[in-house]
Amino acid sequence: AEMFGQLTSGLETAWNKLRGVDVLTKENVAEPMRDIRRALLEADVSLPVVRRFVQSVSEQAVGTGLIRGVRPDQQLVKIVHDELVKLMGGEVSDLVFSKSGPTVFLLAGLQGVGKTTVCAKLAFYLKKLGKSCMLVAADVYRPAAIDQLKILGDQVGVPVYAEGTGIKPSEIAKRGLEEAKKKKIDVIIVDTAGRLHSLLSVLLSALVTTFNIEIGITGAILTKLDGDSRGGAALSVKEVSGKPIKLVGRGERMEDLEPFYPDRMAGRILG
Ligand code: GDP
């Protein structure tokens, strides 16, 4: 399944209604705008985001007037394309690394979204950029996660720091970071249960107080782009959280992680 399949065909309905019109007007874009609205809502884009999007697109559509050599339906496609790019943050957003000492990446997210897989994919990705990495197994609530991380770490050739399940995630993270400092490793990626409270305990009690490091949510990783979720998250994350999507996962293989390019994504959505 393709994440944006349904959205793509929903949007097509809108352009198709403008075949043969000479110029975009308030009257003839009204129905296509309802189609766009419906398509976005069906893709699970958040309602305030949809409202702002539709308003901005219809203002531009009506205000643009006739462009020589461009069919009105294509004109609307172009406006929607540019607005989608803007919605997804416009530019590629690079990962940020700390200037001194190891950079720590922590992943938040519900169980099953692909955090453990992303840890290993991210290590593999960063290795190719010349960074040395270490994985830290701090998902102590799911014993299988630790084994999974060890297997994946082996597969991508990255060491995995683990202490088992009887220990607080914050303690494991702390000692993992100490180990990384000793070994002059550039990046540690901490696999946690992903719930906010376990993340905060790792951050606040272990890393911030002990190492006085700066913290913050720097961005999102969109997983399972190859899956059948409806794609709304891709379009809502930036607008709703203010944080950009930095990377996308599009499969189960270790090499299936790549930078998020808003313009390419908009192109895919428009089919
Ligand atoms: P966690 O509970 O968040 O740590 O999730 P896992 O990393 O264990 O992933 C849950 C399942 O999703 C596993 O079967 C993964 O192989 C699978 N998975 C992870 N990322 C992707 C992806 O990008 N595409 C697909 N199709 N499956 C993925």
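In this text, all values refer to a predicted model and were calculated from it rather than measured experimentally.

### Description of the environment of leucine 235
Working step 1: In this structure, leucine 235 sits in helix H9 (residues 232–241).
Working step 2: When the C-alpha positions of leucine 235 and methionine 88 are compared, they lie 5.8 Å apart, and in sequence the two are 147 residues distant.
Working step 3: The contact partners of leucine 235, leaving out residues within four places of it in the chain, are Leu7, Leu40, Val45, Val49, Leu84, Leu87, Met88 and Ile269.

### A short note on the sheet that holds strand E5 (residues 220–222)
Working step 1: As summarised here, the arrangement of the three strands in space is E5-E6-E7, forming an open sheet in which the pairing is mixed. Pairing within the sheet leaves two strands with one partner each, and these edge strands are E5 and strand E7 (257–259). On average, each strand axis in the sheet is tilted by 30° relative to the strand beside it, whichever way the strands run.
Working step 2: Where strand E6 (residues 245–249) meets E7, three bridges bridge the pair, whose relative direction is antiparallel. Its bridge partner being in E7, valine 248 is matched across the sheet by glutamate 258.

### Some remarks on empty space enclosed by the protein
To find the voids left in a structure, one rolls a probe of water-molecule size over its atoms.
Working step 1: Enumeration according to the criterion identifies one cavity of 30 Å³ or more in this entry.
Working step 2: Here the largest cavity defines a volume of roughly 60 Å³.
Working step 3: Lining the largest cavity are Met3, Phe4, Gln6, Leu7, Ala39, Glu42, Ala43 and Arg230.
Working step 4: Class assignment for the residues of the lining of the largest cavity results in five nonpolar, one polar and two charged.

### Comments concerning the packing of helix H1 (residues 5–16) against helix H10 (residues 262–270)
Working step 1: Put simply, H1 and H10 touch, their axes get as near as 7 Å, and they point 70° apart. Classified by the interaxial angle, the pair formed by H1 and H10 is roughly perpendicular. Residue-level contacts link Leu7, Thr8, Leu11 and Trp15 of H1 to Arg268, Ile269 and Leu270 of H10.

### Observations regarding the site of the ligand
Working step 1: Lining the immediate environment of the ligand, one finds 17 residues, of which Gly112, Lys115, Thr117, Asp226 and Glu252 sit closest.
Working step 2: Threonine 117 is positioned such that a nitrogen or oxygen atom in its side chain is 2.6 Å from an oxygen atom of the ligand.
Working step 3: If the ligand stood free it would expose 580 Å²; the protein chains cover 80% of that surface.
Working step 4: Ranked by residues supplied to the shell around the ligand, first place goes to helix H5 (residues 115–128) with four residues.
Working step 5: Of the residues assigned to the shell around the ligand, the class counts are two nonpolar, eight polar and seven charged.

### Focus: the packing of helix H4 (residues 72–87) against H10
Working step 1: Closest axis-to-axis distance for the H4/H10 pair is 8 Å, and the angle between their directions is 135°. It follows from the interaxial angle that H4 and H10 lie oblique. For the crossing formed where H4 meets H10, the hand is right-handed. Only Pro262, Asp263, Ala266, Gly267, Ile269 and Leu270 of H10 make contact with H4, whose side of the interface consists of Val77, Val80, His81, Leu84 and Val85.

### Details of the nonpolar core
Working step 1: One finds Leu7, Ile36, Leu76, Val80, Leu84, Leu235 and Ile269 to be the most contacted residues of the largest nonpolar core, which totals 40 residues.
Working step 2: Elements that contribute at least two residues to this core include exactly H1, helix H2 (26–42), helix H3 (47–64), H4, E5, H9, E6 and H10.
Working step 3: Apart from the residues within four sequence positions on either side, leucine 7 is in contact with Ala39, Leu40, Ala43, Leu235 and Ile269.
Working step 4: Listed in part, the 23 residues of the second largest apolar core include Ile146, Leu152, Leu247 and Met254.

### Topic: the pairing of strand E1 (residues 103–106)
Working step 1: On E1, burial follows the alternation: Thr103 and Phe105 on one face are buried, whereas Val104 and Leu106 on the facing-out side are not.
Working step 2: Looking at chain direction, E1 and strand E4 (residues 187–191) are connected through four bridges and run parallel. Bridge pairing in E4 places phenylalanine 105 opposite isoleucine 189.

### Topic: the confidence of the model for the chain
Working step 1: Residues at a pLDDT of 70 or more form 94% of the chain, whose mean pLDDT is 90.
Working step 2: When mean pLDDT is taken per element in the chain, strand E3 (residues 160–161) scores highest with 98 and helix H8 (residues 196–211) scores lowest with 68.
Working step 3: Quick note on the complex model: pTM equals 0.88, ipTM equals 0.97.

### Here's the deal with the packing of aromatic side chains
Aromatic ring pairs: the centre-centre distance and the angle between the two ring planes describe each pair.
Working step 1: A complete count under the given rule lists one aromatic pair for this structure.
Working step 2: Look at phenylalanine 97 and phenylalanine 105: their rings are 6.1 Å apart centre to centre, the planes differ by 80°, and that puts the pair in the edge-to-face class.
Working step 3: We classify phenylalanine 97 as partly exposed; its relative accessible area is 26%.
Working step 4: A cation over an aromatic ring shows up here: lysine 131 above the ring of phenylalanine 97, its NZ or CZ 4.0 Å from the ring centre.
Working step 5: Directly above the ring of tyrosine 261 sits arginine 264, whose terminal nitrogen or CZ lies 3.7 Å from the centroid.

Cut-off values and rules
Residues numbered from 1 in each chain as written. Predicted model: local features only at pLDDT ≥ 70, side-chain atom pairs only at ≥ 80, totals over all residues. Heavy atoms only, no water. Helix = DSSP H or I, 4+ residues; strand = E, 2+ residues; numbered from the N terminus. Contact = heavy atoms within 4.5 Å. Pairing = 2+ DSSP bridges. Axes fitted to C-alpha atoms, helices over the stretch in contact; angles between N-to-C directions. 1 Å grid on protein atoms, 1.4 Å probe; cavity = no way out; pocket = protein on both sides within 12 Å on 5 of 7 lines; lining within 4 Å. Points joined across faces, edges and corners; volume = space filled by probe spheres on them. Nonpolar A, V, L, I, M, F, W, Y, C, P; charged D, E, K, R; others polar. Parallel < 35°, antiparallel > 145°, perpendicular 65-115°, else oblique. Near = heavy atom within 4 Å. Polar contact = N/O pair within 3.5 Å; in protein donor to acceptor, adjacent residues only side chain to side chain. Areas by Shrake-Rupley, 256 points an atom, 1.4 Å probe, with all protein chains shown as cover. Left-handed = near helix turned anticlockwise from the far one by under 90°. Core = buried A, V, L, I, M, F, W, Y, C linked by side-chain atoms within 4.5 Å. Buried < 20%, exposed > 50% of the residue type's maximum accessible area, 1.4 Å probe, protein only. pLDDT = per-residue confidence, 0-100. Phe/Tyr/Trp six-rings, centres within 6.5 Å; stacked < 30°, edge-to-face > 60°. Lys NZ or Arg CZ within 6 Å of the ring centre and 35° of its normal.

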